[in-house]
Amino acid sequence: MEHWDVVVVGAGPAGSAAALAARRAAPGTRVLLLDRADFPRDKVCGDGIAPEALDVLGRLGLDQATLTEGFAPAPRLRLRSPGGAAVERAMRRPAHVVPRQVLDARILAAALAAGAQLRRHQVRTLTVHPELVEIDGTLTAGVVVGADGAESVVRRRLGVAPNRPDRMAVALRGYAPELPGQEGVQVIATTEQRWPAYAWSFPLGDGRANVGYGELVSGGASRAALTEGLHRLLPGAAPEGLRAHRLPLSTQRPRQPDGRVLLAGDAASLINPLTGEGIFYAVLSGALAGAAGVHGAAAGRAYRTALRRRLGRHLRHSSAASALSRWPRVMDAAFRAAAAEQQVFDDVVDLGLADGKLTLPTLAAAARRLR
Ligand SMILES: Cc1cc2nc3c(=O)[nH]c(=O)nc-3n(C[C@H](O)[C@H](O)[C@H](O)COP(=O)(O)OP(=O)(O)OC[C@H]3O[C@@H](n4cnc5c(N)ncnc54)[C@H](O)[C@@H]3O)c2cc1C
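To keep things clear, this report deals only with the structure shown in the data block. Please read all numbers here as calculations on a predicted model, not as lab measurements.

Looking only at helices and strands, one finds eleven helices and 15 strands in the protein chain. Referenced to the eigenvectors of the C-alpha coordinate spread, the extents of the protein chain come out at roughly 60 × 40 × 35 Å. Across the 371 residues in the protein chain, those meeting the buried criterion constitute 55%. Sequence separation of 24 or more characterises 73% of the internal contacts of the protein chain that already satisfy a separation of 6 or more. For the protein chain, the accessible surface area stands at approximately 15,000 Å², while carbon and sulfur atoms represent 54% of it. Treating the 47 positive side-chain charges of the protein chain as one cloud and the 34 negative ones as another, the clouds have centres 6 Å apart.

Written as structure tokens, this is what we have:
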């Protein structure tokens, strides 16, 4: 059987970041990426990329300008609360909107240039032995990184259950002509109806926008309800190619087990419960998993510790914020506070798109507006 030091299942942002990081941690490491799809491939997503995701990729040696080439930045963010409070401000750092068909291929190309290899293969079985992991009876690996997305087979083979329906969102998205006055402005519109639910319109900078709508699976959303939600919150949008996908939220993360199998990105339920952001977490967790991959049987423990140190506090804060946000009035108060104070706005953005915390000034500002 063919043996590799590290096999990464899934060549999305988490998998390619893991492959890059494993090669950087020990350049002689033999790294194989397996993906069931041919690249470039589409991935149902809002395509919004937080600057912090580009920072992580920058530390892995990727050039931000190359990653975002052809797609102008979106410096402003417009938010609408469930009760209708609106705020539009410049973000501390601009976000980018790059179609995943383009972005993922660019990150993958960097992983291959760093010496990882790619093979088209759909993983079905995983057998964990004390000294190695066997994949589909044809390959063995010292360490396997499961970066195979929201419906992760690797996660299932570890015996980890999928997220509960109230900790899993589903969203649908398409591409539409940019609406007048939306140039450079990312729009997120929430609604009390079927709360928590929201629609977005993210301009690609080439005359098109990625538009979509999502809500919790527990609400029983059908494709018709998702499409209706999109048109209700984004009147005038005329999207084509609408496709849906699930989002396992970080409010129900599996505990990373000890041993030779690591879970990163969506496979580890690393999606922000407030915004659906997952690319930052995917590249960050992928990078940490890849670096831990060189530790063999100790990889699981090393990765769990690294992930907790880097994201643990933020994940606790975003879970607490998500619990508070179940009351639409709290969201209204937070958005009104963000409209009044730039610092509150910046804190809300950091909490929703990157690794921010629920700060005391933001809590106090929202509490004042609750009264
Ligand atoms: C509608 C929607 C909108 C979103 N909007 C945003 C947004 O604007 N910004 C943001 O940051 N995040 C957004 N997200 C979340 C984001 O898309 C994910 O968090 C991100 O794609 C996670 O990356 P990943 O590498 O973990 O998984 P993926 O990108 O899903 O990659 C997984 C890879 O694994 C492969 N694979 C799967 N199963 C197997 C198998 N058995 N064998 C081999 N290969 C396999 C797949 O082909 C795929 O290439 C959105 C999600 C959805 C659904």
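Now for the sheet that holds strand S5 (residues 86–97). Read from one edge to the other, the open sheet built from eight strands follows the order S3-S5-S4-S11-S12-S13-S10-S14, with strand pairing classed as mixed. The strands lining the two open edges of the sheet, one partner per strand, are strand S3 (48–49) and strand S14 (240–248). Relative to S5, strand S4 (residues 74–80) runs antiparallel, the two sharing six bridges. Bridging from a neighbouring strand, Ala-74 pairs with Ala-95 of S5. In the packing of helix H9 (residues 328–340) onto the sheet, the strands contacted are S4 and S5, and the crossing angle to S5 comes to about 80 degrees. Running at roughly 50 degrees to S5, helix H10 (residues 342–353) makes contact with S4 and S5 of the sheet.

Here we take up the packing of helix H2 (residues 51–59) against helix H7 (residues 279–292). Two elements in contact, H2 and H7, have axes whose closest approach is 8 Å; the angle formed by their N-to-C orientations is 20 degrees. Taken together, the axes of H2 and H7 are roughly parallel relative to one another. Once H2 is placed against H7, the crossing between them reads as left-handed. Contacts between H2 and H7 involve Glu-52, Ala-53, Val-56 and Leu-57 from the former and Ile-279, Phe-280, Val-283, Leu-284 and Ala-287 from the latter. Among the residues forming the contact of H2 with H7, the class breakdown is eight nonpolar, no polar and one charged.

Turning to unusual backbone geometry, a few remarks are in order. Between Phe-39 and Pro-40 the backbone carries a cis peptide bond, its omega angle lying at 0 degrees. Its location among the elements puts Pro-40 in the loop between strand S2 (31–35) and S3. Here the phi dihedral of Asp-47 falls at roughly 70 degrees; this positive angle occurs in a residue that is not glycine. Looking at where Asp-47 falls in the secondary structure, it is placed in the loop between S2 and S3. Within the chain, Asp-136 stands out as a residue other than glycine whose phi angle is a positive 55 degrees. Along the chain, Asp-136 falls in the loop between strand S8 (133–135) and strand S9 (139–146). By relative accessible area, which is 18% here, Asp-136 ends up buried.

Both strand S1 (residues 2–9) and S9 contribute to a ladder of seven bridges, which runs parallel. The partner of Val-8 across the bridge, within S9, is Val-145. Bridge analysis of S1 against S2 gives four bridges, and the strand direction is parallel. The partner of Val-8 across the bridge, within S2, is Leu-33. Chirality of the crossover, the property in question, places the unit of S1, helix H1 (residues 13–25) and S2 among those that are right-handed.

This brings us to the environment of Trp-200. Assignment of secondary structure puts Trp-200 in strand S12 (residues 197–203). Trp-200 sits in the buried class, given a relative accessible area of 8%. Distance from Trp-200 to Pro-162, taken between C-alpha atoms, is 26 Å for residues 38 residues apart in sequence. Looking at Trp-200, its side chain comes within polar contact range of the side chain of Asn-210, at 2.9 Å.

This part is about the packing of H1 against helix H4 (residues 100–113). Packing of H1 against H4 leaves a shortest axis separation of 8 Å and a crossing angle of 15 degrees. Viewed along their axes, H1 and H4 adopt a mutual orientation that is roughly parallel. Judged by the sense of rotation from one axis to the other, the crossing of H1 with H4 is left-handed. Facing Pro-13, Ser-16, Ala-19 and Leu-20 of H1, the residues of H4 in contact are Arg-100, Asp-104, Ile-107, Leu-108, Ala-110 and Ala-111. When its residues are assigned to classes, the contact of H1 with H4 shows seven nonpolar, one polar and two charged.

Around the ligand there are 37 residues in total, and Asp-35, Gly-46, Gly-48, Arg-100 and Asp-266 lie nearest to it. Between a nitrogen atom of the ligand and a main-chain N or O atom of Gly-278, the distance comes to 2.9 Å. Take Ile-279: an N or O atom from its main chain is 2.9 Å from an oxygen atom of the ligand. Considered on its own, the ligand offers 1,000 Å² of accessible surface; in the complex 95% of this is hidden by protein. Grouping the amino acids of the shell around the ligand by side-chain chemistry returns 17 nonpolar, eleven polar and nine charged. Both domain 1 (2–72 + 98–164 + 250–321) and domain 2 (74–96 + 166–241) contribute no fewer than three residues apiece to the shell around the ligand.

Conventions used here
- Residues numbered from 1 in each chain as written.
- Predicted model: local features only at pLDDT ≥ 70, side-chain atom pairs only at ≥ 80, totals over all residues.
- Heavy atoms only, no water.
- Helix = DSSP H or I, 4+ residues; strand = E, 2+ residues; numbered from the N terminus.
- Buried < 20%, exposed > 50% of the residue type's maximum accessible area, 1.4 Å probe, protein only.
- Contact = heavy atoms within 4.5 Å.
- Areas by Shrake-Rupley, 256 points an atom, 1.4 Å probe, with all protein chains shown as cover.
- Lys, Arg positive; Asp, Glu negative; His and termini not counted.
- Charge placed at Lys NZ, Arg CZ, Asp CG, Glu CD.
- Pairing = 2+ DSSP bridges.
- Axes fitted to C-alpha atoms, helices over the stretch in contact; angles between N-to-C directions.
- Parallel < 35°, antiparallel > 145°, perpendicular 65-115°, else oblique.
- Left-handed = near helix turned anticlockwise from the far one by under 90°.
- Nonpolar A, V, L, I, M, F, W, Y, C, P; charged D, E, K, R; others polar.
- Right-handed = clockwise from strand over helix to strand, strands pointing away.
- Polar contact = N/O pair within 3.5 Å; in protein donor to acceptor, adjacent residues only side chain to side chain.
- Near = heavy atom within 4 Å.
- Domains from an automatic or database assignment.

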